[in-house]
Amino acid sequence: MEGQTPGGGGLSEKPVPTATGPGLSSLGAVFILLKSALGAGLLNFPWAFHKAGGVAPAFLVELVSLVFLISGLVVLGYAASVSGQATYQGVVGVLCGPAIGKLCEACFIVNLLMISVAFLRVVGDQLEKLWDFLLPSAPPAPQPWYTDERFTLTLLCALVILPLSTPREIGFQKHTSILGTLAACYLALVIVAQYYLRPQDLAHEPRLASSPSSWTSVFSVFPTICFGFQCHEAAVSIYCSMRHQSLGHWALVSVLSLLACCLVYSLTGVYGFLTFGTGVSADVLMSYPGSDGVVIVARVLFAVSIVTAYPIVLFLGRSVMQDFWRRGCGGAYAPRALAEASGPWVRVPLTVLWVATTLAMALFLPDLSEIIGIIGGISSFFIFIFPGLCLICAVSVEPIGPRVKCCLEAWGVVSVLVGAFIFGQSTVAAVMELL
């Protein structure tokens with residue numbers, strides 16, 4: 001895809017857009033991309049293996065999805081170089097037109113907002129279990145006031161999440177992403193070790209599904225995979241922040257990140273499913289006894305992993321709100337401090353607004369585990385549909401050979417169709433469960 005001359009057999013690479021002061025190393029890009037994908041979906045993979053009917057069907061779906069996941073990341077990097085934009089929504093708006101761009105912005109805000117709420121709910125659940133372990137009490141006795149979720153989550157957002165979310169560039173997250181990635185890897189290792197060590201509380205033999213209950217149960221895994229591997233929203237911002245910006249380099253970063261992510265997800269899914277079988281919970285940590293010290297450490301570290309992933313999601317959602325600000329309030333008559341959307345007078349209030357909104361939703365809305373399918377369905381837009389549309393539009397204006405152009409357009413159409421199917425199937429299934 002690199003270094004092709006006009007009229008040749010490949011895609012021509014154009015100068016890529018750069019964010020303010022680009023300097024993200026390849027290793028930093030790998031960790032940020034990896035941490036963007038290693039989120040709350042890690043807890044759902046053993047349950048997804050159960051829903052798929054066993055290890056073999058789930059592995060097959062995961063491998064097929066991996067092809068689209070990697071190609072989507074590479075396409076987004078190429079689309080960024082063609083469009084000259086440094087944000088996901090900017091790339092879609094320039095290549096696919098303003099109407100599709102508005103749809104992308106709407107899906108972007110809704111998806112990232114719900115992901116942020118889901119992250120806070122997961123952290124709240126882990127903190128609740130941690131307090132039950134540290135301060136055991138008889139059922140009639142109430143827990144101390146400082147263990148209340150409303151107090152602990154608010155304090156966590158004010159003292160940890162908000163400071164991590166205020167920096168201007170996403171490259172700052174490379175330091176916290178390393179810590180979050182190690183925490184997610186520890187959780188996977190604990191699940192593997194628990195399977196082989198078999199503590200006394202897990203001595204029973206699990207009942208394993210031998211085959212899928214129906215063909216639709218196999219497809220029900222796709223929303224969990226989309227929810228788990230949703231790093232595509234950050235792809236353009238990461239690509240434009242890299243020190244070495246080339247499609248070949250970006251493809252290598254994408255492959256390494258998703259292969260490492262696939263390894264962690266697969267280990268968690270396989271051994272979590274083999275440990276509990278058909279009785280595995282949607283949150284695999286809830287299936288383990290609350291008194292196990294190793295599992296308690298895993299809970300704490302996984303909460304750390306989620307806390308370090310939240311600022312990346314907020315950064316992406318804030319970029320859309322900053323675009324709204326530039327179009328609506330950043331005109332020539334605006335005060336100088338408010339004219340720059342990335343300045344502290346605009347960036348910090350938007351960050352506080354995002355954290356406060358998601359915190360309120362996490363505290364007062366019902367359990368979000370039932371709408372994971374909806375979040376995964378919306379994520380299919382960013383993994384399949386929008387990259388497919390960008391590829392079709394990008395190759396239509398590029399001087400490439402007719403055979404290569406035909407093949408790329410066909411792949412773009414396939415991505416759009418697969419994404420539309422996943423969105424429809426997962427959304428209908430999730431709505432039916434809610435009803």
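The rules behind the values
Residues numbered from 1 in each chain as written. Predicted model: local features only at pLDDT ≥ 70, side-chain atom pairs only at ≥ 80, totals over all residues. Heavy atoms only, no water. UniProt positions renumbered as here; feature names shortened; annotations may be inferred. Helix = DSSP H or I, 4+ residues; strand = E, 2+ residues; numbered from the N terminus. Buried < 20%, exposed > 50% of the residue type's maximum accessible area, 1.4 Å probe, protein only. Areas by Shrake-Rupley, 256 points an atom, 1.4 Å probe, with all protein chains shown as cover. Expected span 1.5 Å × (residues − 1). Axes fitted to C-alpha atoms, helices over the stretch in contact; angles between N-to-C directions. Parallel < 35°, antiparallel > 145°, perpendicular 65-115°, else oblique. Left-handed = near helix turned anticlockwise from the far one by under 90°. Nonpolar A, V, L, I, M, F, W, Y, C, P; charged D, E, K, R; others polar. Phe/Tyr/Trp six-rings, centres within 6.5 Å; stacked < 30°, edge-to-face > 60°. Core = buried A, V, L, I, M, F, W, Y, C linked by side-chain atoms within 4.5 Å. Contact = heavy atoms within 4.5 Å. Patch = residues over 30% accessible without salt bridge, like charges linked within 9 Å, V, L, I, M, F, W, Y side chains within 5 Å. Salt bridge = Lys/Arg side-chain N within 4 Å of Asp/Glu carboxyl O.

- By the naming in an unreviewed UniProt entry, the chain goes by Amino acid transporter transmembrane domain-containing protein and is assigned to Rangifer tarandus platyrhynchus.
- Taken verbatim from the UniProt record of the chain, the Subcellular location (unreviewed entry) comment is "Membrane".

What about the overall build of the chain?
- Secondary structure summary: the chain contains 16 helices and 0 strands in total.
- Burial analysis of the chain (435 residues in total) assigns 54% to the buried set.
- Of the accessible surface of the chain, which amounts to about 18000 Å², a share of 70% is contributed by carbon and sulfur atoms.

Examining helix H14 (residues 344-364)
- Between the first and last C-alpha of H14 there are 30 Å, a value that for 21 residues agrees with the 30 Å anticipated at 1.5 Å per step.
- Taken residue by residue, H14 has Val-346, Arg-347, Leu-350, Thr-351, Trp-354, Val-355, Thr-358, Leu-359, Ala-362 and Leu-363 as its buried positions.

Considering the packing of helix H3 (residues 55-83) against helix H11 (residues 247-276)
- Running from N to C, H3 and H11 cross one another at 160°; their axes reach a closest spacing of 10 Å. Relative to H11, the element H3 is oriented roughly antiparallel. For the crossing formed where H3 meets H11, the hand is right-handed.
- Each residue belonging to the contact of H3 with H11 can be placed in one class, and the counts come to 19 nonpolar, 3 polar and 1 charged.

Section: the packing of aromatic side chains
- This structure, assessed with the given rule, holds 20 aromatic pairs.
- For the ring pair Phe-68 and Trp-411, a centre distance of 5.0 Å and an interplane angle of 10° mean the geometry is stacked. Linking Phe-68 in helix H3 with Trp-411 in helix H16 (residues 402-434), this pair joins segments that are 343 residues apart in sequence.
- You can call Phe-68 buried: its relative accessible area is 11%.
- Classification of Trp-411 by relative accessible area gives partly exposed; the value is 29%.
- Note on Phe-276 and Tyr-288: the rings are 4.8 Å apart at their centroids and 85° apart in plane angle, and the pair reads as edge-to-face.

Some details on the nonpolar core
- The biggest cluster of nonpolar side chains holds 122 residues, and the ones touching the most others in it are Tyr-88, Phe-229, Trp-250 and Phe-382.
- If sequence neighbours within four positions are ignored, Trp-250 has contacts with Leu-33, Leu-73, Val-74, Gly-77, Ala-235, Ile-238, Tyr-239 and Met-242.

Let's talk about a nonpolar patch on the surface
- Taken together, the side chains of Trp-145, Tyr-146, Phe-151, Leu-155, Leu-159 and Val-160 make up a nonpolar region of the molecular surface, amounting to roughly 600 Å² of accessible area.
- Here Phe-151 is to be found in helix H6 (residues 149-165).
- Using a relative accessible area of 34% as the deciding quantity, one classes Phe-151 as partly exposed.

With respect to the pattern of salt bridges
- Enumeration over the complete set of coordinates arrives at 1 salt bridge.
- Of the charged contacts in the structure, one is a salt bridge between Arg-150 and Asp-148, with a shortest N-O distance of 3.0 Å.
- Residue classification places Asp-148 among the partly exposed residues on the basis of a relative accessible area of 29%.

Overview of the environment of Val-352
- Mapped onto the secondary structure, Val-352 falls in helix H14.
- The spacing of Val-352 and Ser-165 is 187 residues in sequence and 9.1 Å in space, taken between C-alpha atoms.

Examining the side chain of Asn-111
- Summarising the element assignment, Asn-111 is placed in helix H5 (residues 98-134).
- Accessibility expressed as a relative area gives 0% for Asn-111, which makes it buried.
- Excluding residues within four positions of it along the chain, Asn-111 makes contact with Gln-230, Glu-233, Ile-375, Ile-378, Ser-379 and Phe-382.

Describing the side chain of Thr-152
- One can find Thr-152 in helix H6.
- Non-local contacts of Thr-152, meaning those with residues more than four positions away in its chain, are made with Leu-127, Trp-131, Tyr-146 and Thr-147.

Structural notes on the packing of helix H2 (residues 45-52) against H11
- Two elements in contact, H2 and H11, have axes separated by 7 Å at closest approach and are oriented at 65°. Judged by the sense of rotation from one axis to the other, the crossing of H2 with H11 is right-handed. Judged by residue contacts, Phe-45, Pro-46, Phe-49 and His-50 of H2 engage Tyr-265, Thr-268, Gly-269, Val-270, Gly-272 and Phe-273 from H11.

A look at the environment of Cys-393
- As for its position among the elements, Cys-393 is in helix H15 (residues 372-396).
- When the C-alpha positions of Cys-393 and Glu-409 are compared, they lie 8.6 Å apart, and in sequence the two are 16 residues distant.
- Setting aside anything within four residues of it in sequence, one finds Cys-393 in contact with Leu-95 and Cys-96.

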